[in-house]
Every structure is written in C-alpha cells, then in structure tokens.
Amino acid sequence: MNDAIYQHFRPDEKEIIDTLSDYIEQAKSEYRAVLTHFLNPREAHIATYLLGQSDEISMKLFGGTKDAERRRLLFYPAYFDVQDSDFDLQLIEIKYPVKFATLKHGQILGTLANAGLDREVLGDILTDGQQWQVVVEKKMADYLINQIDRIGKIKVSLEEVSFSQIVSVTDEWQSQSELVASLRIDSVISAVYNMSRQNAKNLVNSEKVSLNWQVISKPDYELAEFDVLSIRGFGRIKLDLVAGMTRKDKYKLELSVLKK
C-alpha cells in the first residue's frame, strides 16, 4: 500500500484500508468477483476512494434494501453481471409474543453479539414498530436460528423469510445543518441535541455513544464524513458532508439526524 493513501484517513483506519485494498487486488489479479463482509457507511466511503476510477474493476453495495446503512460490497470485473443474489444475504424474522412483550434495537444487537458473532457478519436490524427483522450473511443464518431462543427475558424464535416480506421501516431521517467549533464527538452531539458540551462529554464517558457501531470512549475523537454516531436515548447522527469553514473558523456540517 502506498503510504500516501494513509494520509487521507485516520490512523485507526489503516486495517480496513489494507483489507479493502487486498480485496481490490484479488479481484484484479484473479479477474473475478470478490465479496466483502458488511461495511458501515464510512468503510464504504473508503472503498470508493481506494477503487478510484479503475477501468478494470467496478463495485456495488447492497444490504437487502436500497436505504440499508450496513451493506456488503462486491468488487467485480467488467464481464460480471451483478445480481442481488450475489451478495449472499438472508433475512431473518424474530418471532415473539407481540401483545405481551416489547423488543428494542439495543437488546437485539446485544443478544446477537453475545452469541459470538462478529459485527461484520450482521447487516441492518429493521422494524416497523412491531415486527423485527435482521439481515445477515447467508452462511450465518442456521447458526443464529439454532443459537438464539431468548432476547433478554423474552422467549423468541428466529425464522428465515424472503426479502419480499421485508418490513417497511418507520425510521425517518431529517436533514440538519450545523455550525460547530470542532469535529469532536462532544461538539457535534452538543450542537445537534442542543445540550452543553459537558453533558455530551458525559454521555461518551458513560459509554452511551457508539461510532460506526462500536462504543467510543473519547469525547475529543474527531468525526469524518460518512461516520455514524448512535447516542443511547437520543438517536443517531450521520455526518454527510463537511461543507467548509465560516469566516469565524467554524465547520459547516450537513447531517442526517434520527431522533428518538
């Protein structure tokens, strides 16, 4: 890998840069399609940058729905005709006593993680407010179905269903513009939710904030385009664009915000 590439990204992104670069080289050298695990939006952005304007290899992202946040990426040569089935996805529905119990996103994700699964094999968790479904790599479906029979204290069963039965997601993202003094996590949370920087910092220090689906404990960590923040009890923030600086040296941000 050319060291100059690393300069465009954060030091802690070196591993994903190397992994994606290896996938691209594999697709080129073996002249065949190469499929990644699920990527978050920031990782997908890195892949797009690394591939550049290659005339040998193209790429496509798919996560089960057109608006999926977490998607698998297929690098492929010109001859390859990409189909949705090439992404090896399975939709799983969580059956539970809807009239007597309530499930939450965090509970489901925690149960899946405690089942010994890496986050990279899991796509989006979807709900219409009652039904809950999860997109997974197809090879993991049987394992999940056999492994999980409870989420918290709620007895559940998992069942493979067709993507034609996917729920209509009720999430409504709203566009929001903000001016912030820095790209620090606590600064962005403070601006979006109209709270003090100290309260935002306390949320991070209390491990209530995740960056790209991983708990983050550094309030001063600087965000980059396509990062996704999840703030327990508040919602989620996507950093869509850093649109420049004002004359007073503030960052102009374009965000998508999902409030609870």
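Before reading on, note that the structure itself is shown above.
Residue indices follow the written sequence of each chain, beginning from 1 at its first position. Reporting of local features is limited, given that this is a predicted model, to residues whose pLDDT is at least 70; pairs of side-chain atoms are given and counted only at 80 or more, and all residues count toward the totals for whole chains, interfaces and linings. With hydrogens and water stripped out, all remaining heavy atoms of the structure feed into the side-chain values.

## Focus: the overall build of the protein
In terms of regular secondary structure, the protein is built from 7 helices and 15 strands. The atom set for the radius of gyration is the C-alpha atoms, and the globule formula is 2.2 Å times the number of residues raised to the power 0.38. The C-alpha atoms of the protein give 20 Å as radius of gyration, which agrees with the globular expectation for 260 residues (18 Å, within 12%). Projecting the C-alpha coordinates of the protein onto the three principal axes gives extents of approximately 55 × 50 × 30 Å. A buried classification covers 46% of the 260 residues belonging to the protein. By definition in these notes, contact holds between two residues if any of their heavy atoms fall within 4.5 Å. When contacts within the protein are restricted to residue pairs at least 6 apart in sequence, those whose partners lie at least 24 apart make up 60%. Residue-level accessible areas treat just the shown protein chains as cover; the underlying method is Shrake-Rupley with a 1.4 Å probe. Total accessible area on the protein is roughly 14200 Å²; 45% of this is exposed by carbon and sulfur atoms. The charge count treats Lys and Arg as positive and Asp and Glu as negative. His and the chain ends do not count. We put the charge of a Lys on NZ, of an Arg on CZ, of an Asp on CG and of a Glu on CD. Of the side-chain charges in the protein, 33 are positive and 39 negative, and the distance between the mean point of each set is 8 Å. What counts as a helix is a DSSP run of H or I of at least four residues, what counts as a strand is a run of E of at least two, and both are numbered from the N terminus. Relative accessibility decides the category of a residue: with a 1.4 Å probe and only protein chains considered, values under 20% of the type maximum give buried, values over 50% give exposed, and everything between is partly exposed.

## A few points about the sheet that holds strand β14 (residues 235-245)
A pair of strands is labelled paired if DSSP reports no fewer than 2 bridges between them. Taken together, the 6 strands give an open sheet; going across it, the order is β10-β15-β14-β13-β11-β12, and neighbouring strands pair in antiparallel fashion. This sheet does not close on itself; its edge strands, each paired only once, are β10 (174-180) and β12 (214-215). When strand β11 (residues 209-211) meets strand β13 (residues 228-231), the two strands line up antiparallel, connected through 3 bridges. Paired with Leu-211 across the strands is Leu-229, a residue of β13.

## What to know about the packing of aromatic side chains
Note on ring pairs: Phe, Tyr and Trp rings are taken, using the six-membered ring of Trp, and paired if centres are within 6.5 Å. Classes follow the plane angle, with under 30 degrees stacked, over 60 edge-to-face and the rest tilted. Applying the stated criterion across every chain yields a total of 6 aromatic pairs. Geometrically, the ring pair formed by Phe-9 and Tyr-49 is edge-to-face, given 5.2 Å between the ring centres and 85° between the ring planes. Taken as a pair, Phe-9 in the loop between α1 (3-6) and α2 (14-30) and Tyr-49 in helix α3 (residues 41-51) lie far apart in primary sequence, 40 residues in all. When the ring of Tyr-31 is compared with that of Tyr-79, the centres are 5.3 Å apart and the planes differ by 45°; the resulting orientation is tilted. With a gap of 48 residues between them, Tyr-31 in the loop between α2 and β1 (34-39) and Tyr-79 in the loop between β3 (71-77) and β4 (89-95) connect regions that are remote in the sequence. A connected cluster of aromatic rings, assembled from ring pairs, spans Tyr-31, Tyr-76, Tyr-79 and Phe-80. Whether a charge lies above a ring is judged from NZ of Lys or CZ of Arg, which has to be within 6 Å of the ring centre and within 35 degrees of the ring normal. Just above the ring of Trp-213 sits the side chain of Arg-70; from NZ or CZ to the centre is 5.4 Å. Geometry around Trp-173 places Lys-238 over its ring, the cationic atom sitting 4.1 Å from the centre.

## Points about the packing of α2 against α3
Between the N-to-C directions of two axes lies an angle of 0 to 180 degrees, each axis being a line fitted to C-alpha atoms and, for a helix, fitted only over the stretch in contact. Where α2 meets α3, the closest approach of the two axes is 10 Å, and the angle between their N-to-C directions is 50°. Judged by the inter-axis angle, α2 sits oblique to α3. Handedness of the crossing formed by α2 with α3: right-handed. Contact with α2, carried on its side by Ile-16, Ile-17, Leu-20, Ser-21 and Ile-24, involves Glu-43, Ile-46, Ala-47, Leu-50 and Leu-51 of α3 and no other residues of that element. For the contact of α2 with α3, a count of residues per class yields 8 nonpolar, 1 polar and 1 charged. Oblique is the label for every angle not falling under 35 degrees (roughly parallel), over 145 degrees (roughly antiparallel), or within 65 to 115 degrees (roughly perpendicular). Handedness of a crossing follows from how the near helix is turned relative to the far one, being left-handed for an anticlockwise turn of less than a right angle and right-handed for a clockwise one. All amino acids are sorted into three groups, where Ala, Val, Leu, Ile, Met, Phe, Trp, Tyr, Cys and Pro are nonpolar, Asp, Glu, Lys and Arg are charged, and the leftover types, Gly among them, are polar.

## Focus: the pattern of salt bridges
By definition, a salt bridge exists where a carboxyl oxygen of Asp or Glu is found within 4 Å of a side-chain nitrogen of Lys or Arg. Evaluated as defined, the whole model comprises 12 salt bridges. Salt-bridge contacts for Glu-69 lead to Lys-238; the nearest nitrogen and oxygen are separated by 4.0 Å. Note that Glu-69 is positioned in the loop between β2 (57-62) and β3 and Lys-238 in strand β14, a separation of 169 residues in sequence. Lys-238 matches Glu-69 in its accessibility class, with the two residues each being buried.

This is a description of form; function is not addressed.
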